[in-house]
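Geometric and topological summary
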Amino acid sequence: MCPPSEKRGQILHLFKPGICWKTINLGLIWFLQATGYWGVTTYLPEYMGSQGVDPYFNMFTIFIGELPGLCLAMILVEPYMLGRIRCLQVFSFSTCISLILFGFVGLDFLKAVCVIVCYFFMVPIYSILNTFTPEVYPTGIRSTAMASMYMLIEIPGLVTPFVGEYLVSSKIPWLSLIHISEPTRPLYISYAVFCLKK
């Protein structure tokens, strides 16, 4: 039985010994996942439009990638398949690879394929995190942990449009390549995910 409500569910309970590093690691994963997602989602349509790709085709490729990825994640997230942590590792690493390839391929067709693969693996990460995060915490602070993670992922949603606009208007070629491929964010996500323990 849980203690009375005034003694449970406080945000400081997320930083108690034994839970603190889990909170920091999961917070990092949620934050970087949101940063990568919003960075790609706000930047890609504008970039692809500047390359002459039809915006409707761009949206079509995004949705084509999301749906099968979500179905695959629903199957692989089960403990008798890949499980939560391994599924996070595979999907994060695959997102990273697809974004790096997007930054270096030259053909529009290959870029569209990279976008499909990116969204195939990137969007289901939220579903996997929504499944995994509450399982990490004791019952009394699960909702506090999820609320904290949801608050944390709002920050990139507010900031990345401005960063994307700066990078689009920047005349520094390597800076725009970093944003196009966004290799650092998914690599950090992959690193943080690989640090998770069962």
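Presented here is a report on the structure given in the accompanying data block. Numbers given to residues run from 1 along each chain, matching the order in which its sequence is written. The model is predicted, so local features are restricted to residues of pLDDT at least 70 and side-chain atom pairs to those at 80 or more, both for listing and for counting; the totals for chains, interfaces and linings are taken over all residues. The basis for every side-chain value is the complete set of non-hydrogen atoms in the structure, without hydrogens or water.

1. Describing the nonpolar core
Membership of the largest hydrophobic core comes to 42 residues, with the highest contact counts inside it found for Leu26, Trp30, Phe91, Tyr119 and Tyr137. With ten residues, the single largest contributor to this core is helix H1 (residues 20-50). Working rule for contacts: check all heavy atoms of both residues, and any pair within 4.5 Å makes them a contact. Aside from chain neighbours lying at most four places away, what touches Phe91 is Gly69, Leu72, Ala73, Leu76, Phe120, Phe121, Pro124, Ile125 and Ile128. Buried residues of nine kinds, namely Ala, Val, Leu, Ile, Met, Phe, Trp, Tyr and Cys, make up a nonpolar core once their side-chain atoms join them within 4.5 Å. Accessibility here uses a 1.4 Å probe with only protein chains present; expressed as a share of the type maximum, an area under 20% marks a residue as buried, one over 50% as exposed, and anything in between as partly exposed. Runs of H or I in DSSP of at least four residues are treated as helices and runs of E of at least two as strands, each being numbered from the N terminus.

2. Observations regarding the packing of aromatic side chains
Only the six-membered ring of Trp is used, alongside the rings of Phe and Tyr, when aromatic pairs are assigned; centres must lie within 6.5 Å, and planes under 30 degrees apart are stacked while those over 60 apart are edge-to-face, with the rest tilted. Tallying each qualifying case throughout the model produces seven aromatic pairs. An angle of 75° between the planes, with centres 6.3 Å apart, marks the rings of Tyr37 and Tyr119 as edge-to-face. Residue Tyr37 is found in helix H1, and its partner Tyr119 is found in helix H4 (residues 108-122); the two are separated by 82 residues along the sequence. Here Tyr37 falls in the buried class, since its relative accessible area comes to 17%.

3. Overview of H4
One less than the residue count of a helix, multiplied by 1.5 Å, gives the span that helix is expected to have. Between its first and last C-alpha atoms H4 spans 20 Å; for 15 residues at 1.5 Å apiece the expected length is 21 Å, and the two agree. For H4, every residue scored as buried is listed here: Lys111, Ala112, Cys114, Val115, Cys118, Tyr119, Phe121 and Met122. For H4, the elements touching its buried residues are H1, helix H2 (55-76), helix H3 (84-104) and helix H5 (124-136).

4. Brief notes about the side chain of Thr95
Among the structural elements, Thr95 can be located in helix H3. The term polar contact refers here to a pair of N or O atoms within 3.5 Å; inside protein, the definition further demands a hydrogen-donor-capable atom paired with an acceptor-capable atom, and it admits residues adjacent in sequence only when both atoms are side-chain atoms. Here the side chain of Thr95 touches Met122 through a polar contact of 3.3 Å, landing on its backbone nitrogen. Excluding its chain neighbours within four sequence positions, the residues that come into contact with Thr95 are Cys118, Phe121, Met122 and Ile125.

5. Some thoughts on the packing of H1 against H5
Working convention: axes come from line fits to C-alpha atoms, limited for helices to the stretch in contact. Angles between N-to-C directions cover 0 to 180 degrees. Running from N to C, H1 and H5 cross one another at 165°; their axes reach a closest spacing of 12 Å. Our classification of the angle between H1 and H5 gives roughly antiparallel. The two elements H1 and H5 meet at a crossing, and its hand is left-handed. Contact with H1, carried on its side by Lys22, Leu26, Ile29, Trp30, Gln33, Ala34 and Tyr37, involves Ile125, Tyr126, Leu129, Asn130, Phe132, Thr133 and Val136 of H5 and no other residues of that element. Any residue that is not Ala, Val, Leu, Ile, Met, Phe, Trp, Tyr, Cys, Pro, Asp, Glu, Lys or Arg is counted as polar, Gly included; the first ten are nonpolar and the last four charged. Along the lines of polarity and charge, the residues of the contact of H1 with H5 split into ten nonpolar, three polar and one charged. In what follows, roughly perpendicular refers to angles from 65 to 115 degrees, roughly parallel to angles under 35, roughly antiparallel to angles over 145, and oblique to any angle outside these ranges. The sense of a crossing depends on the near helix, which, turned anticlockwise from the far helix by less than a right angle, makes the crossing left-handed and, turned clockwise, makes it right-handed.

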